[in-house]
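# Close look at the chain arrangement
Each chain, letter by letter, is given below.
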Amino acid sequence: MKHKMKSFIIICCFFLLLGACQSKPKGYVIKGMFEGAPENEWVFLTDLGQKVYYDSVQLKGGQFEFRGKIDHPELRCITFFKNPAQRLYGWSNIMVVPVFVENSTIRITLPFSELPSKAEKSVPENLRVEGSSSHDLYAKYKERVIPFTLKYDSLFEAYRQAYYRKKGTEDDVFRYVREMDAIRDSTFAIGVEFIRQYQASPVALYIAKNLRVRAYSRAKAKQVAGLLPETVKATSEGQQAVKALLEQPLYVGDMLPDFDVLNTDLQTVKLSTFLKKGHYTLVELWASWCGPCRADIPHLKETYQRYHEKGFEMISISIDDDKEAWLKAVKEEEMPWIQVYGANGKSYTKECMKLFGVSGVPSCVLIDKEGNVLSTNARGGWLNEKLKILFEN
């Protein structure tokens, strides 16, 4: 009897262990249905920027399936290209469904006709993502943020019409700028509060890595990093989040970095030699081949003429690789302020780009009378609104 009881217990334990092993997912399975999708077209599992391709499969009856395993939950994209031959051309050509993937069975359904492009900010009404608790939390975060994002886009279009097309007054421009800044602050506050509420979640780490902390201060960045538990900071993902928060090259409140530049005589000088103590200075990164950079020059000339005599300076740093093209553009544009050339590196990898912590041009920072960064978004209406406060109020 004892032998039979012992055997029974062993068998029970075996099935309990087997059940436990079966219930614990070994990886992820993403089962998708895009009703009405074209037959045999390819759909991809990518990162957010469509630079990393994890998997691909052909659509069959609108259905697709991805299988794999990840070390930690992370945001990926179900990606479809309207024109596969032009994958890198235009966000409207790239159709994406962001999904927080974790090692579970995840089901996604959406009519193919509602598949959003990368340029769209709202979430399709009929999108259903089930089986990922991380995605449920991400969806909650997006639900809070998207109304602000859509409002910002609407305001930016109104600003663009008023500032660039002169379909509004200067007061209109400044009102739009202030409202957009208020939305930026609200979005930032939502992100910080979400991190506070869900400190140990992968979504909190995602938000932390994407917060625009450089537009505030190093002190603010430290405050946000302090919300993350030590156990989370010890993980690889936690370390990445802390690095993104605390190791930006340039924050508001920092001293402007100094580095070598070439003057128009192609002599090497330090950028600091052009800074005048007691003056506010706009430092701009641009290139002769950058259309938006050159389109802004007439507006910058107006701003320079308006405030130069009151103590405002400007320095344009070119990231051109071709020095002759830079000098030619300087001559053509007849800009009356200081023109220099980024001496070290090439194009987007130049030293000046790295020290400013930016990846594109035009990029501008406004420096106060002591050489500290006042704004990392000092261009157009934002620059003029700030200068009016500094010089006229």
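Note that the structure is a prediction, hence the values are computed from the model and not measured.

Here 4 strands make up an open sheet; going across it, the order is β4-β1-β7-β8 and the pairing mixed. In this open sheet, the two edge strands, each paired with only one partner strand, are β4 (63-68) and β8 (128-130). Shown here is a sheet whose adjacent strand axes are inclined to one another by a mean of 10°, direction ignored. Note: strand β1 (residues 28-33) against β4, 6 bridges, orientation antiparallel. Residue pairing in the sheet places Tyr28 in a bridge with Gly68 of β4.

The next point concerns the environment of Gly36. With respect to the element layout, Gly36 can be found in the loop between β1 and β2 (42-46). On the basis of relative accessible area, Gly36 is assigned to the exposed category, the value being 67%. Remark: the alpha-carbon pair of Gly36 and Ser113, spanning 77 residues in sequence, is separated by 7.2 Å.

Turning our eyes to something else, we now look at the packing of aromatic side chains. Here the structure, examined in full by the defined rule, presents 22 aromatic pairs. Aromatic side chains Phe259 and Phe356 sit 6.3 Å apart centroid to centroid with 75° between the ring planes, which places their arrangement in the edge-to-face category. Here the residue Phe259 occupies a position in the loop between α7 (236-246) and β9 (260-262), and Phe356 occupies one in helix α11 (residues 351-356), the gap between them amounting to 97 residues. Accessibility expressed as a relative area gives 2% for Phe259, which makes it buried. The exposure class of Phe356 is buried, given its relative accessible area of 1%. Put simply, the rings of Phe156, Tyr159, Tyr163, Tyr164 and Trp382 touch in pairs and so form one group of aromatic residues.

When two helices pack together, their arrangement is captured by the angle between the axes and the distance separating the axes. Across the interface, helix α2 (residues 133-163) lies against helix α4 (residues 202-210) with an axial gap of 9 Å and an inter-helix angle of 45°. By the angle between their directions, the pair α2 and α4 is classed as oblique. Contact with α2, carried on its side by Ser134, Leu137, Tyr138 and Tyr141, involves Pro202, Val203, Tyr206 and Ile207 of α4 and no other residues of that element. By residue class, the composition of the contact of α2 with α4 is 7 nonpolar, 1 polar and no charged.

Here we come to the confidence of the model for the protein chain. Of the residues in the protein chain, 94% have a pLDDT of 70 or more, and the chain-wide mean is 93. Taken together, the stretch residues 1-24 has pLDDT below 50 and engages in 0 contacts with residues farther than four places along the chain or on a different chain.

Turning to the pattern of salt bridges, a few remarks are in order. One side chain can pair with another of opposite charge once the charged atoms of both are near each other. Within this structure, the stated rule accounts for 26 salt bridges. We note a salt bridge from Arg175 to Asp172, for which the minimum N-O separation is 3.1 Å. Of this pair, Arg175 and Asp172 both sit in helix α3 (residues 170-197), 3 residues apart, roughly one helical turn. The class of Arg175 is partly exposed, set by a relative accessible area of 35%. Here the salt bridges share partners, and the residues they tie into one network are Glu170, Arg306, Lys310, Lys388 and Glu392.

This brings us to the environment of Pro229. The residue Pro229 is located in the loop between α5 (218-225) and α6 (230-233) in this model. With a relative accessible area of 21%, Pro229 lands in the partly exposed category. C-alpha separation for the pair Pro229 and Ala200, spaced 29 residues apart in sequence, amounts to 6.9 Å.

Moving on to the state of the cysteines. On inspection of all chains with the given rule, the structure shows 1 disulfide. There is no disulfide at Cys352, and the cysteine sulfur nearest it, in Cys293, is 12 Å away. Residue class for Cys352 comes out buried when judged on its relative accessible area of 2%. The closest cysteine sulfur to the non-disulfide-bonded Cys364 is located on Cys293, 8.3 Å from its own sulfur.

Along the polypeptide, Arg214 turns up in the loop between α4 and α5. If we ignore the near neighbours within four places in the chain, the residues touching Arg214 are Gln248, Leu250, Tyr251, Val252, Phe356, Gly357, Val358 and Thr376.

Rules of the game
Residues numbered from 1 in each chain as written. Predicted model: local features only at pLDDT ≥ 70, side-chain atom pairs only at ≥ 80, totals over all residues. Heavy atoms only, no water. Pairing = 2+ DSSP bridges. Helix = DSSP H or I, 4+ residues; strand = E, 2+ residues; numbered from the N terminus. Axes fitted to C-alpha atoms, helices over the stretch in contact; angles between N-to-C directions. Buried < 20%, exposed > 50% of the residue type's maximum accessible area, 1.4 Å probe, protein only. Phe/Tyr/Trp six-rings, centres within 6.5 Å; stacked < 30°, edge-to-face > 60°. Parallel < 35°, antiparallel > 145°, perpendicular 65-115°, else oblique. Contact = heavy atoms within 4.5 Å. Nonpolar A, V, L, I, M, F, W, Y, C, P; charged D, E, K, R; others polar. pLDDT = per-residue confidence, 0-100. Salt bridge = Lys/Arg side-chain N within 4 Å of Asp/Glu carboxyl O. Disulfide = S-S within 2.5 Å.

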